[in-house]
Amino acid sequence: MIQVDRVTKHRGGRLLWRDLSFTVARGEVLALTGPSGCGKSTLLDCIGLIDSLDAGTIHVGGTDAGRSRRRARRLRRDHLGYLFQDFGLVPDMTVDANIRIGRPGRSRGARRMTTAEALERVGLAGRGSDRAHDLSGGEQQRVALARLVVKQPDVILADEPTSALDDDNARMVLDALGDFASAGAAVIVATHAAPVAERAATVLRLERTS
Ligand SMILES: Nc1ncnc2c1ncn2[C@@H]1O[C@H](COP(=O)(O)OP(=O)(O)OP(=O)(O)O)[C@@H](O)[C@H]1O
C-alpha cells in the first residue's frame, strides 16, 4: 500500500535520511522509532504528502504524486488519514464538524458510518455539538479516531498519537489502530513509546546522522 523507494531528505542543512526504502502492506502496522530529531515526523509528513522529498519516490496505493499538487490532494483526500500528538482538531468547530473534515475518503465495504455512530464507537455518544476546545485531551483524540472511523482511509499515519494521553486513552488509541489494520489499512506510527512499538509487526529505527 505504501512503497518508499530510496528517499533522501535534508532539513536545516542536515541530512535526515538517505536512500531509505521500505514498504507497508495493507493490514500491517509499522512503528518508526529513533532518537529525537532523527526525522520521524518529517518522514511521516513526506509519506502523508504534506512535505516534499529531496530525492526518491513514495507510492501510495500504487500512485506517486511526484510534484503534482493536484494528485497529492486527491491521494490525501481518498487514501490518507492522520492522527497527531496534539489531536489536529479545529478548536472552535464542533465535534461533528471536525469529524466531517475527513470525508469523503474511501468507503470500504457497505455503508459508511455516520458521525453519531462513530462517536458512539469511541465512547463519545451525544457529544457531537460540543466545541472541540471544550473536550479533554483524551476526548479530543477520540474525536480524531472517530474521524478515521468515518473516513476509513487505506493508510493511517500517526505521529506520537499516545504521548499526550493517560494509560486508558493510550490503550484505546492503540486498540483502534490495531482494528484499522485488521480491517485492511496500512498503519505507520512514529513513537518514542516502547509499548506502542511493541504492538507493531515491524519496527523501523532511524538514527541521527550527526
Ligand atoms: N520546519 C522546520 N524547518 C527546519 N527544520 C526543521 C523543521 N521541522 C523540523 N526541523 C528539524 O528537522 C529535524 C527532524 O525533525 P523531526 O521532527 O522530523 O524529528 P523527530 O524524529 O520526529 O523528533 P521528535 O522525536 O523529537 O519528535 C530536527 O533537527 C528538527 O529540528
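Up top you'll find the structure we're talking about.
Residues numbered from 1 in each chain as written. Predicted model: local features only at pLDDT ≥ 70, side-chain atom pairs only at ≥ 80, totals over all residues. Heavy atoms only, no water.

Colleague: Just checking my understanding: could you explain the pairing of strand 1 (residues 2-11) for this structure?
Modeller: Walk down a regular strand and you will see the side chains alternate between the two sheet faces. Where strand 1 lies against strand 2 (residues 14-24), 7 bridges are found, and the strand directions are antiparallel. Bridging from a neighbouring strand, Gln 3 pairs with Thr 23 of strand 2. Count of turn residues in the strand 1/strand 2 antiparallel hairpin: 2 residues, of which Gly 12 carries a positive phi of about 55 degrees. (Pairing = 2+ DSSP bridges. Helix = DSSP H or I, 4+ residues; strand = E, 2+ residues; numbered from the N terminus.)

Colleague: Can you help me understand a positive patch on the surface in this one?
Modeller: Together, Arg 69, Arg 70, Arg 71, Arg 73 and Arg 74 give the surface a local cluster of positive charge. Counting through the fold element by element, Arg 74 comes out in helix 2 (residues 69-79). (Patch = residues over 30% accessible without salt bridge, like charges linked within 9 Å, V, L, I, M, F, W, Y side chains within 5 Å. Areas by Shrake-Rupley, 256 points an atom, 1.4 Å probe, with all protein chains shown as cover. Salt bridge = Lys/Arg side-chain N within 4 Å of Asp/Glu carboxyl O. Lys, Arg positive; Asp, Glu negative; His and termini not counted. Charge placed at Lys NZ, Arg CZ, Asp CG, Glu CD.)

Colleague: Would you mind going over the nonpolar core with me for this structure?
Modeller: As a rule of thumb, nonpolar side chains are buried together in soluble globular proteins. Among the nonpolar cores identified, the biggest contains 38 residues, and Leu 83, Leu 145, Leu 177, Phe 180 and Val 187 are the most heavily contacted of them. For this core, the elements supplying multiple residues, two or more each, are strand 3 (29-33), helix 3 (95-100), helix 4 (115-121), helix 5 (137-151), strand 7 (155-159), helix 6 (167-182), strand 8 (186-190) and helix 7 (194-198). Considering each element in turn, this core owes the most residues, 8 residues, to helix 6. With residues up to four places along the chain from it excluded, the contact list for Leu 177 reads Leu 83, Ile 156, Ala 158, Pro 161, Val 187 and Val 189. (Core = buried A, V, L, I, M, F, W, Y, C linked by side-chain atoms within 4.5 Å. Buried < 20%, exposed > 50% of the residue type's maximum accessible area, 1.4 Å probe, protein only. Contact = heavy atoms within 4.5 Å.)

Colleague: Looking at this structure, I do not really get the packing of aromatic side chains. What am I missing?
Modeller: Each pair of aromatic rings is reported with the distance of its centres and the angle of its planes. All chains considered together, the criterion is met by 1 aromatic pair. Ring geometry for Tyr 82 versus Phe 84: centroids 5.9 Å apart, planes at 5 degrees, classification stacked. (Phe/Tyr/Trp six-rings, centres within 6.5 Å; stacked < 30°, edge-to-face > 60°.)

Colleague: What am I meant to see in the side chain of Asn 98 here?
Modeller: Of note, Asn 98 is situated in helix 3. When neighbours within four sequence positions are excluded, Asn 98 is seen to be in contact with Leu 89, Val 90, Met 93, Ala 132, Val 143 and Arg 147.

Colleague: Sorry if this is basic, but what is going on with the sheet that holds strand 2 here?
Modeller: The pairing of strands in a sheet happens through backbone hydrogen bonds and is either parallel or antiparallel. Sheet architecture is open: 4 strands sit in the order 2-1-4-5, paired in antiparallel fashion. Looking at which strands have only one partner, the edges of the open sheet turn out to be strand 2 and strand 5 (63-64). In the packing of helix 1 (residues 40-47) onto the sheet, the strands contacted are strand 1, strand 2 and strand 4 (55-60), and the crossing angle to strand 2 comes to about 55 degrees. (Axes fitted to C-alpha atoms, helices over the stretch in contact; angles between N-to-C directions.)

Colleague: Sorry if this is basic, but what is going on with the site of the ligand here?
Modeller: Taken together, Arg 11, Arg 14, Leu 16, Pro 35, Ser 36, Gly 37, Cys 38, Gly 39, Lys 40, Ser 41, Thr 42 and His 192 form the complete shell of residues around the ligand. A distance of 3.0 Å separates an oxygen atom of the ligand from a polar backbone atom of Gly 39. Here the ligand, which alone exposes 640 Å², has 57% of that area covered by the protein. It is helix 1 that contributes the most residues to the shell around the ligand, 3 residues altogether. Split by residue class, the shell around the ligand holds 3 nonpolar, 6 polar and 3 charged. (Near = heavy atom within 4 Å. Polar contact = N/O pair within 3.5 Å; in protein donor to acceptor, adjacent residues only side chain to side chain. Nonpolar A, V, L, I, M, F, W, Y, C, P; charged D, E, K, R; others polar.)

Colleague: Could you clarify how one ought to interpret the sheet that holds strand 9 (residues 202-205) in this entry?
Modeller: On the basis of which strands lie adjacent, the open sheet formed by 5 strands has the order 6-7-8-3-9 and parallel pairing. Every other strand in the sheet has two partners, leaving strand 6 (80-84) and strand 9 as the edge strands with one partner each. Strand-to-strand twist across the sheet, computed as the mean angle between neighbouring axes with direction ignored, equals 15 degrees. Of the strand pairs in this sheet, strand 3 and strand 8 are connected by 4 bridges, and their pairing is parallel. Residue pairing in the sheet places Leu 32 in a bridge with Ala 190 of strand 8. Contacts from helix 5 reach strand 6 and strand 7 within the one sheet, and its direction differs from that of strand 6 by about 170 degrees.

Colleague: Got a minute to help me understand the pattern of salt bridges in this structure?
Modeller: Pairs can form between side chains of opposite charge whenever their charged atoms are close. With the rule as written, the count across this model stands at 10 salt bridges. Here Lys 9 ties to Asp 51 by a salt bridge, and the two come within 3.2 Å at their closest N and O atoms. With Lys 9 in strand 1 and Asp 51 in the loop between helix 1 and strand 4, the pair connects residues that are 42 residues apart, well separated along the chain. Lys 9 gets classed as buried once you look at its relative accessible area, which sits at 6%. Close ionic contact of Arg 11 with Asp 51 constitutes a salt bridge, the shortest N to O distance being 3.0 Å. Placement of Arg 11 in strand 1 and of Asp 51 in the loop between helix 1 and strand 4 is noted, with a sequence separation of 40 residues between them. Exposure remark for Arg 11: the relative accessible area of 42% places this residue in the partly exposed category.

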